[in-house]
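Architecture and fold: a report
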Amino acid sequence: MAEALILDSEAINALARASERAVLAERARAILAIALDRRALVRVPAPVLGEVCQRSRFDAPINHVLNDRGIVVQDLTRSIAQRAGALLREARLSSESAVDAFVVASALEFDHAIIATGDPTDIQRLAARHRKIRVFAI
Amino acid sequence: MTASAAKLSVSLPATLAKALRSRVGTRGLSGFVARAVAHELEREQLGSFLTELEQLHGPVSKAALASAKRAWPRR
């Protein structure tokens with residue numbers, strides 16, 4: 001199912017609050033620009049919203065990025081959730097890393113995917129056995 | 001396709017229509033076209049968003065673009 005750019009919490013936060021996170025935002029904008037050139041889909045796995053949307057009155061910048069900006073929330077399905085569990089087990093990580101596992105499992109739905117993340121360590125560990133996933137540290 | 005669907009009438013070049021029917025058949029036509037339209041709309045929206053960010057924060061540096069490009073697999 002095509003090529004995709006997957007954004008994690010730090011990537012979406014950087015885009016939503018670009019003035020406060022100038023360096024991260026520039027790297028996030030750069031990876032988005034290349035995604036556009038390559039006709040890749042841009043997706044935010046739904047569990048990421050559980051990390052970035054915590055107080056509704058402060059969520060406006062996040063909603064701005066997710067409303068008609070070509071960045072689409074990818075629903076969490078049963079198969080993605082079950083795959084995330086298997087990834088945690090393979091990587092010997094606890095459920096504290098569940099959101100990272102959902103991100104990697106969501107990326108595995110595509111033929112190839114780049115995960116843009118502010119914290120590549122656990123993501124790389126979870127994706128280590130999957131060559132069709134690359135990790136981009138913003 | 002979502003539960004509620006709207007019918008549209010569109011015209012395509014005959015050769016494109018033939019290739020499309022040959023590829024997806026009559027039954028798969030609506031789903032294929034819906035996915036293609038959704039993808040193009042997303043690309044338009046993403047392009048506009050990047051322009052909006054550039055107007056607010058200036059252009060992305062060549063170094064950042066080069067680093068991002070290296071992250072993707074070669075074609």
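Residues numbered from 1 in each chain as written. Chains lettered and ligands numbered in written order. Predicted model: local features only at pLDDT ≥ 70, side-chain atom pairs only at ≥ 80, totals over all residues.

Quick notes on the overall build of chain B
Secondary structure summary: chain B contains three helices and zero strands in total. Counted from the first residue to the last, chain B has its helices and strands arranged as α-α-α. In terms of overall dimensions, chain B is more spread out than a globule: its C-alpha atoms have a radius of gyration of 18 Å, far above the 11 Å expected for 75 residues. Each principal axis of the C-alpha distribution contributes one length, and for chain B these read about 45 × 30 × 25 Å. Sorting the 75 residues of chain B into buried and exposed places 8% on the buried side. (Helix = DSSP H or I, 4+ residues; strand = E, 2+ residues; numbered from the N terminus. Rg over C-alpha atoms; globule rule 2.2 N^0.38 Å. Buried ≥ 20, exposed ≤ 12 C-beta atoms within 10 Å, placed from the backbone.)

Quick look at the environment of I115(A)
Residues and elements named next belong to chain A. Mapped onto the secondary structure, I115 falls in strand β4 (residues 112-117). Overall, I115 belongs to the buried group, with 28 C-beta atoms counted inside 10 Å. C-alpha of I115 to C-alpha of A4: the two residues are 111 residues apart in sequence and 8.5 Å apart in space. Each residue touching I115, except ones within four places of it in the same chain, is listed here: I6, D8, V103, V104, A107, I123, I133, V135 and F136. (Contact = placed C-beta atoms within 7 Å.)

Examining the pairing of strand β5 (residues 133-137) of chain A
All names here are of chain A. By the bridge criterion, five bridges tie β4 to β5 in an arrangement that is parallel. Following the sheet pairing, A113 is matched in β5 by I133. Chirality of the crossover, the property in question, places the unit of β4, helix α7 (residues 120-127) and β5 among those that are right-handed. (Pairing = 2+ DSSP bridges. Right-handed = clockwise from strand over helix to strand, strands pointing away.)

Notes on the interface of chain A and chain B
Listed as interface residues are 24 residues of chain A and, on the opposing side, 19 residues of chain B. At the level of secondary structure, the elements contributing two or more residues to the side of chain A that touches chain B comprise α2 (22-37), β2 (41-45), β4 and β5 of chain A. Among the elements that take part in the side of chain A that touches chain B, α2(A) stands out by supplying ten residues, more than any other. When the residues that make up the side of chain A that touches chain B are grouped by side-chain class, the tally is 14 nonpolar, two polar and eight charged. (Nonpolar A, V, L, I, M, F, W, Y, C, P; charged D, E, K, R; others polar.)

Focus: the packing of helix α1 (residues 9-16) of chain A against α2(A)
Residue and element names in this part refer to chain A. Relative orientation of the contacting elements α1 and α2 amounts to 105°, with a least axis distance of 8 Å. Considering their axes alone, α1 and α2 lie roughly perpendicular with respect to each other. Facing α1, whose interface residues are E10, A11, A14 and L15, α2 presents L24, A25 and A28. (Axes fitted to C-alpha atoms, helices over the stretch in contact; angles between N-to-C directions. Parallel < 35°, antiparallel > 145°, perpendicular 65-115°, else oblique.)

Concerning α7(A)
All names here are of chain A. Within the sequence span of α7, burial applies to I123, L126 and A127. In a view along the axis of α7, the buried residues occupy a sector of 90°, so they form one face of it. Of the surrounding elements, those touching the buried residues of α7 are α5 (78-91), α6 (98-107), β4 and β5. (Arc of directions from axis to C-beta.)

Let's talk about the confidence of the model for chain B
Predicted coordinates in areas of low pLDDT are best not read in detail. Per-residue pLDDT for chain B has a mean of 92; in total, 96% of the residues score no lower than 70. Scoring of the predicted complex yields 0.92 for pTM and 0.91 for ipTM. (pLDDT = per-residue confidence, 0-100.)

Looking at the nonpolar core
All names here are of chain A. Ranked by internal contacts, the top residues of the largest apolar core, which has 55 residues, are L5, I31, V104, I115 and A116. Of all the elements, α2 adds the most residues to this core, at nine residues. Leave out the neighbours within four places in its chain, and A116 touches L5, I6, L7, D8, A11, A28, I31, F136 and I138. (Core = buried A, V, L, I, M, F, W, Y, C linked by C-beta atoms within 7 Å.)

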